[in-house]
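Chains, contacts and geometry: an overview
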Amino acid sequence: MWISSINLNNFRCFKSLSLSASRDLNISVGENNVGKTSVFIAVSKLFSAIWDKQTQAFQQADIRRNNLAGNAMSVVCSFSLDANDKRDIVNVLSPKDFDLNAKRMLIRRMGSELDTLQVGFEWSETSQDTYIKLGSLYIRDDALRSEQHPRMKRFTQAELDEA
């Protein structure tokens, strides 16, 4: 798994920034005080918010100062997945009683949904939200227990048998 893109909106000095990344080597070059470090801080804070459940990873000072419209701040990283990553994700998403054939069917059924994993953080004046998406499917634990993200579903054995 590798970071394929980083998108920042209203984060520190950036109104909007979209970066594409190479699988092998990426170099950040620029004059002092233009935001190179802010990109790395954004990614670091995103990972703290998602995996370490640090709800205070992002702070008011991270919101762009000239954000006169009061638009939400967001940090999103997309990851490209290889075959091993896809297998690991299917192992996590599938019910415990799925056998190998059922997991293979799940991989075929999900198709391109397994190509990209996206993690994000959004913060507005009234709310903050972290999420993980696999293709268009939300896979955050909170989303599994709420109606907030109705597109998320776990496939049952019967649904896989129909495919």
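Residue positions are counted from 1 within each chain, in the order its sequence is given. For a predicted model such as this one, the threshold for reporting local features is a pLDDT of at least 70, and the threshold for listing and counting side-chain atom pairs is 80 or more; totals across whole chains, interfaces and linings nevertheless cover every residue. Neither water nor hydrogens contribute to the side-chain values; these are computed over all heavy atoms in the structure.

What follows deals with the packing of aromatic side chains. Between rings of Phe, Tyr and Trp, where Trp is taken as its six-membered ring, a pair exists when centres lie within 6.5 Å; planes separated by under 30 degrees are stacked, by over 60 edge-to-face, and by other angles tilted. The full count for this structure, using the stated rule, is three aromatic pairs. Taking the centre distance of 6.2 Å and the plane angle of 85 degrees together, the rings of F11 and F58 count as edge-to-face. In this pair, F11 is assigned in strand β1 (residues 2-11) and F58 in the loop between α1 (36-51) and β3 (73-80), connecting sequence segments 47 residues apart. The same class applies to F11 as to F58, namely buried. Members of the aromatic cluster, joined through ring pairs, are F11, F58 and F121. Helix numbers and strand numbers start at the N terminus; a helix is a DSSP run of H or I with at least 4 residues, a strand a run of E with at least 2. We call a residue buried when its accessible area falls under 20% of the maximum for its residue type, exposed when it is over 50%, and partly exposed in between, using a 1.4 Å probe and counting protein chains only.

Time to look at the sheet that holds strand β6 (residues 137-138). At least two bridges found by DSSP between two strands is the condition for calling them paired. Across the sheet, six strands lie side by side as β2-β1-β3-β4-β5-β6; this open sheet has antiparallel pairing. Edge positions in the sheet fall to β2 (14-20) and β6, since each of these pairs with one other strand and no more. For this analysis, residues touch if any pair of their heavy atoms sits within 4.5 Å. As a rule, the C-alpha atoms of each element are fitted with a line to give its axis, helices using only the stretch in contact, and angles between N-to-C directions run from 0 to 180 degrees. The strands touched by α1 within the sheet are β1, β2, β3, β4 (116-123) and β5 (128-134), with β1 carrying the most contacts at an inclination of about 100 degrees.

What follows is about the environment of R87. In this structure, R87 sits in helix α2 (residues 83-93). For R87, a relative accessible area of 44% corresponds to the partly exposed category. Between the C-alpha atom of R87 and that of R104, which follows or precedes it by 17 residues, the distance is 8.9 Å.

Okay, the confidence of the model for the chain next. Confidence scores here are pLDDT values: one per residue, from the predictor, ranging 0 to 100. Averaged over the chain, the pLDDT score is 77; the fraction of residues at 70 or greater is 79%. Ignoring residues within four places in sequence, the model shows residues 142-155, a span with pLDDT below 50, making 27 contacts including any to other chains.

Moving on to helix α3 (residues 100-110). Within the sequence span of α3, burial applies to A102, K103, L106 and M110. Down the axis of α3, the buried set is contained in an arc of 100 degrees. They therefore lie on one face. The exposed residues of α3 that point more than 90 degrees off its buried face are L100, N101 and R108. One or two positions beyond α3, positive phi appears at G111, with a value near 50 degrees. Working definition: the arc comes from the directions between the helix axis and the C-beta atoms, pointing outward to the latter.

Residues enter a nonpolar core if they are buried and are Ala, Val, Leu, Ile, Met, Phe, Trp, Tyr or Cys, with the set joined through side-chain atoms within 4.5 Å. Core analysis: the largest hydrophobic core is formed by 31 residues, its most contacted members being L8, L46 and F58. Counting only elements with at least two residues in this core, the list comes to β1, β2, α1, β3, α2, α3, β4 and β5. The element contributing the most residues to this core is α1, with six residues.

Where β1 lies against β2, six bridges are found, and the strand directions are antiparallel. Looking at the pairing, F11 lines up with F14 of β2. In this antiparallel pair of consecutive strands, β1 and β2, the connection spans two residues, and R12 shows a positive phi of 50 degrees.

Another point: unusual backbone geometry. In this structure, N10 is a non-glycine residue whose phi angle is positive, near 55 degrees. With respect to the element layout, N10 can be found in strand β1. The exposure class assigned to N10 is buried, which follows from its relative accessible area of 6%. Backbone geometry places R12, a non-glycine residue, at a positive phi of 50 degrees. Within the secondary structure layout, R12 lies in the loop between β1 and β2. Given a relative accessible area of 30%, R12 falls into the partly exposed group.

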